[in-house]
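# Structural overview for review
Each chain is listed here by its residues.
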Amino acid sequence: MATGSSWDNIDGLLEAGFSSRGNSKRIDNGSAGRGNGYPVKRYPAAGRPIGTAGDSLNCTVREENGLDAHKGNVQLLVRSSRSLPGRSIKLDGENGNSKGRSCICSILILVVLCCFLAEVVLQGSVMMLWKQTDFSKNSGNLKAMEFDYVLEGPKRYALEYKLRFDPWMLEDRVLQQRDSAARMRMLEQTALRSPYLALVCANLYVTPDSLYLLTIARWVQALGYNLQLFSFEEGPLRKVWEEQGVLVERFSSSPGGLYADWSKFEGVIVSSLDAKHVFTSFLQEPFKRTVVIWAILEDTLGKRLSLYERDGPSHLIYEWKQTFARADVVVFPHYSSAMMHTLLDTGNFLVFPGSPKDTWDVKSYMKLQKRGNVRQALGFSPRDTVLTVVGSPFTYKGVWREHAMIMQAVLPIFEKNKKMNRKDDPALKLIFVGSNSGRSYSKVVQVMASHLGVEDGAVSYFKDDVDDVIGLLWAADVVIYSSLRKEQEFPRILLQAVALERFVLAPNLTIIQDFLIDGSGSLLYPAGDLNALSGKIALSISKCSNQDQAVSSAGLVHATTLMVHNVFKGYADLLENVLAFPSGTMVPKPKSEVSSSLTADWQWELVNGINNYEIGSVLVEGNQAVSDLVYTIERQLNATRNNSQSFEENEEDYDILTQDEWEEEKAIVLSDDLERKEEEQVEERHELLRGSWEDVYKVVKKMERLKNTELHERDDGELERTGQPICIYEPYYGIGASVFVHQNDPTYRGVSLLSRQKRPVHDDIDVAVRLPLLNNTYYEEVLCEFGALFAIANRIDRVHKNSWIGFQSWKAFGRKASLSIEAEKNLRDAVKIAEHGDAFYFWGHIAEDQSVLSIHDDFWSYCDLINNNSCRSVFMDVFKQMYGLPSTWASLPPMPVDGGKWSALHCWAMPTSSFLEFVMFARMFVDALDWQHHTEHHDGGRCCLGVSNSEVKHCYCRLLDLLVNVWAYHSARVMIFVDPKTGIMREQHPLEGRQGQMWVKYFVYSTLKSMDEDLAEEFDDGQHDGRLWPQTGEVYWQGMFERERREHINQRLEKKKKNKERLKRIQSRYRQKPLAGG
């Protein structure tokens, strides 16, 4: 509670705090004598404001203590009055009643007297403080008198002006990223495709978020990105997006997640808080490492965080913090917005100052309101001259000095009007709009005005968190910016004033000079110069009456152009630093090559013409369609709380049992359980007696299967697949990718590439159980879906009993390359009758989802482009090691450029015997590949086949994806392409044209089998030397068979020998003669 001594310093009157147009934060200097709130917290995390003694980031809105000190005194008196004898003595009859009434009257008189004394103390305190800032006494030397701390500043005020948002951790992380974009620009190479970006919005209605996202889309398209938009709801903007060349897709979901394959995008930009639900997909594998940029324009959540922290729904804060932490970068349009969300900052906050929301709000307000009505509602006549004083969104202790300076500068105009004393002259109104959360600051402003001699009603104070700020700005003739604080961005309240075409008067701070043109709808005054400020105010009042509209519009255009251009540069640099551009991807253009006209303003023309809506109508239409997710989550939380409270209330209605009653109840329950178990045992015995040995055998077999479901198929799945000619296995990586796998289809079977992340209730295969090598995270990542091939081939007869086998990657669904029902039927019919013999069918090809370039026909060139121009050299080295070719060998297996397609995405089918032959070849190829690059990649973290971090992590995957083409072509398999949509089949690279081109001797079964047996013999002799080959499947050669056969014969001979010896011992035993023998 404040004391009387606190009135000697203005710092005891006002509490420092923080506000951002609708939210207040308390700031305290830590002095208990001043009663200024709570000490500052310092946050070491990146992106968090650097708090100082004069600033605080505590979002809790608290009542000011300084100016309410008289209330505290009143409360003390009231409490002391309770001990009066008149209150404590009980009297009967009239005498007691009269004494009670006199006691109450005494208390009321004391309360009124205390209020009067408090007002006197307040007046006297403000007068003493005002003397410290009475500029009229020293009018000859006014320049920077009390305001020099802004320019140089005593140490006393040096700290309260250092509140800054500094994303140092994010900047360090971004700077440590690879400079792939700059380096790849210097390399002249053919690119397969443009980089892909996904955009996510809550709906397709016309909102500020949609306009913001549309503008960003135009920019990144100009830089060379391809875009795809995902939305939860339809709306009128679909046509606009499609006209901009953006593919629009509405989210479809399942209980497992969203049907969106984020792996094909370099990054994702999410717009608005209402799109929070999409993060459920980003929190699951395989999308945990997808680059996500989240742009948040609204402050709804930031204003509610203080309530969450105060009321205690910790799990709600945790849920939002988990979502914010998943985003790689969270972009805010204002520094104050980022500070409002500091409770959720995990070092990924970034600010690009500027958004269309401020101008949007102004335009919609002007459309829906009339200025005359607004002025009338505020009590201003049409002839009044209104000066609206605004300031920084932050509250600090020195704000009263800036308000005092404005009053003193306007004082000559008040005195002039007072001397003229004409009733018909326009009155001058001075309005202060601030973010001070104290209830008594308005009284302080009135006391200052009274001291100056300003007539009552000429000066008023409004808080920006509860009052109509846009209306106050629009009602003004001149808007004065009073804050001398050095801001990090152009104040948005000034941008709103310029958009309202109001005359603006602002200090000549650097950030303001950049955005405002002096003399074009605005005037700049030297910061801290009272004489210059007074003259500028008089000049602005004279100009505002005949201000040219075009001049004010020019000021808005200049400020908007500079702001929008800065936002564009921020996003262009951010995308280059955060995104990873894989091999074969076109590098975005430098931002300097983008036309300046495109970055001059937000794309208003794209939304203004929708259904002939004006901006005001569009705002209303959009707000009606947009669901506020923040309040929806709160309502759900409140409903859950109410249910739990009602449950607890109902529990209280139950009778409480005594200890004896509890013991009796336990005994009853125990006896019931024993009786039930006895009945079950009796019934089980009866069932066993009635059963046969065949039933017992079936039960035992069933229990064995249930004990280890990983190695044995479930009965239902086995029976369903028995009659199928083909089984297609679908490898998927994590729960997030499981939604792309077929559900309850006997033709397909899921294969989980991550251990213990299978789909529940489905007959999926866990590759780590089938092949222990894949328990090693390193090989799980470098082999990718190729590991599923090795796992299925390992003791294949245990899981696969069909004559044909196929594979289809989970990525095929997201790339529209999965088999349709018609294509699946055609494939099943073809393999059933062996229409093409020992053929290789495929339906995913290398040109899928790529730009139409002739490079797709050249197999080796394409392989080079997606493998950092190292495919040829790596393949040749591996090939030479596999077959023991001389070091001078410089040839690759020829792959023709004949316009035919090549397989990709692991979407193919072949006979099971051919599959085992291919796996035999692939195991030796992977063994040689790992032998050459394991040390460099595993120990050194370098991969010659990749550029980006993702490519380096999955080093072998892209090369292994194309390996089946080399084997199928040179092993003389018929290659058939199946159109995944229509099911039409066409032969690729006909056998007749391959004469003289195939290297059959290297791929024939006899050669591969002999090589496989040689490796098995080496392993059997202990000469494997840490090779990968023995761990990728079965190890077998003829010598092992012979050894096992000899061991079996030896075991039989040994058993036979033991039997003979046992019989001999039995025969040689002493036999006692019968006693009754004759």
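So, a few notes on the structure that sits alongside this text. (Residues numbered from 1 in each chain as written. Predicted model: local features only at pLDDT ≥ 70, side-chain atom pairs only at ≥ 80, totals over all residues. Heavy atoms only, no water.)

Another aspect to go through is the overall build of the chain. Scanning the chain from terminus to terminus reveals 40 helices and 26 strands. Counting across all 1078 residues of the chain, residues that qualify as buried make up 51%. For the chain, contacts bridging at least 24 residues in sequence account for 76% of all contacts bridging at least 6. In the structure as shown, the chain presents an accessible area of about 51400 Å², 51% of it carried by carbon and sulfur atoms. (Helix = DSSP H or I, 4+ residues; strand = E, 2+ residues; numbered from the N terminus. Buried < 20%, exposed > 50% of the residue type's maximum accessible area, 1.4 Å probe, protein only. Contact = heavy atoms within 4.5 Å. Areas by Shrake-Rupley, 256 points an atom, 1.4 Å probe, with all protein chains shown as cover.)

Among the six residues of strand S12 (residues 385-390), six are classified as buried, and the element is accordingly described as predominantly covered. Neither face of S12 is left uncovered, since the one carrying Thr385, Leu387 and Val389 and the one carrying Val386, Thr388 and Val390 both have all their residues buried. Bridging between S12 and strand S14 (residues 428-434) involves five bridges; their strand directions are parallel. Considered in S14, the bridge of Thr388 is made with Ile431. Bridge analysis of S12 against strand S16 (residues 478-481) gives four bridges, and the strand direction is parallel. By the bridge assignment for S16, Val389 is matched with Ile480. (Pairing = 2+ DSSP bridges.)

Across the eight residues that make up helix H30 (residues 786-793), a large majority, eight, are buried. What H30 keeps buried is the set Phe786, Gly787, Ala788, Leu789, Phe790, Ala791, Ile792 and Ala793. Of the residues flanking the end of H30, it is Arg795, one or two places downstream, whose phi is positive at about 50 degrees.

Per the counting criterion, the structure on display carries 22 salt bridges. Taking the shortest distance from any N to any O, the salt bridge between Asp477 and Arg371 comes out at 3.6 Å. Within this pair, whereas Asp477 is found in the loop between helix H17 (469-475) and S16, its partner Arg371 is found in helix H14 (residues 371-377), the two being separated by 106 residues in sequence. The exposure class of Asp477 is buried, given its relative accessible area of 17%. A salt bridge links Glu917 to Arg973; the shortest N-O distance between them is 3.0 Å. Of the two residues, Glu917 is situated in helix H35 (residues 912-939) and Arg973 in the loop between helix H37 (957-970) and strand S25 (974-978); the sequence distance between them amounts to 56 residues. Like Arg973, Glu917 is buried. One continuous salt-bridge network, built from bridges that share partners, spans Glu234, Arg238 and Glu242. (Salt bridge = Lys/Arg side-chain N within 4 Å of Asp/Glu carboxyl O.)

The contact between H35 and H37 brings their axes to 11 Å, and the two run at 130 degrees. One finds that H35 runs oblique with respect to H37. You can see that H35 and H37 cross each other, and the crossing is right-handed. Together, Ser914, Glu917, Phe918, Phe921, Ala922, Phe925, Val926 and Leu929 of H35 and Leu959, Leu960, Leu963, Val964 and Trp967 of H37 make up the contact between the two elements. Tallied by class, the residues present in the contact of H35 with H37 amount to 11 nonpolar, one polar and one charged. (Axes fitted to C-alpha atoms, helices over the stretch in contact; angles between N-to-C directions. Parallel < 35°, antiparallel > 145°, perpendicular 65-115°, else oblique. Left-handed = near helix turned anticlockwise from the far one by under 90°. Nonpolar A, V, L, I, M, F, W, Y, C, P; charged D, E, K, R; others polar.)

A sheet is described by the order of its strands in space; here seven strands give the open sequence S5-S4-S3-S8-S9-S10-S11, paired in parallel fashion. With one partner strand each, in any of the chains shown, strand S5 (247-250) and strand S11 (349-351) form the two edges of the open sheet. Across the sheet, the axes of successive neighbouring strands diverge by a mean angle of 25 degrees, strand direction being ignored. With three bridges joining them, strand S9 (residues 292-295) and strand S10 (residues 329-332) adopt parallel strand pairing. By the bridge assignment, Ile293 is partnered in S10 with Val329. Helix-sheet contacts for helix H7 (residues 208-223) involve strand S3 (196-201), strand S4 (226-231), strand S8 (267-271), S9 and S10, and the interaxial angle to S3 is about 175 degrees. Contacts from helix H11 (residues 314-326) reach S9, S10 and S11 within the one sheet, and its direction differs from that of S9 by about 120 degrees.

Ranked by size, the top nonpolar core spans 140 residues in total, and within it Trp262, Trp320, Phe324 and Phe915 carry the most contacts. When residues in this core are grouped by element, the largest group, 11 residues, is from H35. With residues near it in sequence (within four places) discarded, Phe324 still touches Leu273, Trp294, Ile296, Leu301, Val330, Phe332, His341, Leu344, Asn348 and Phe349. Grouped together as the second largest cluster of nonpolar side chains are 77 residues, Ile431, Ala497, Ile512 and Ile541 included. (Core = buried A, V, L, I, M, F, W, Y, C linked by side-chain atoms within 4.5 Å.)

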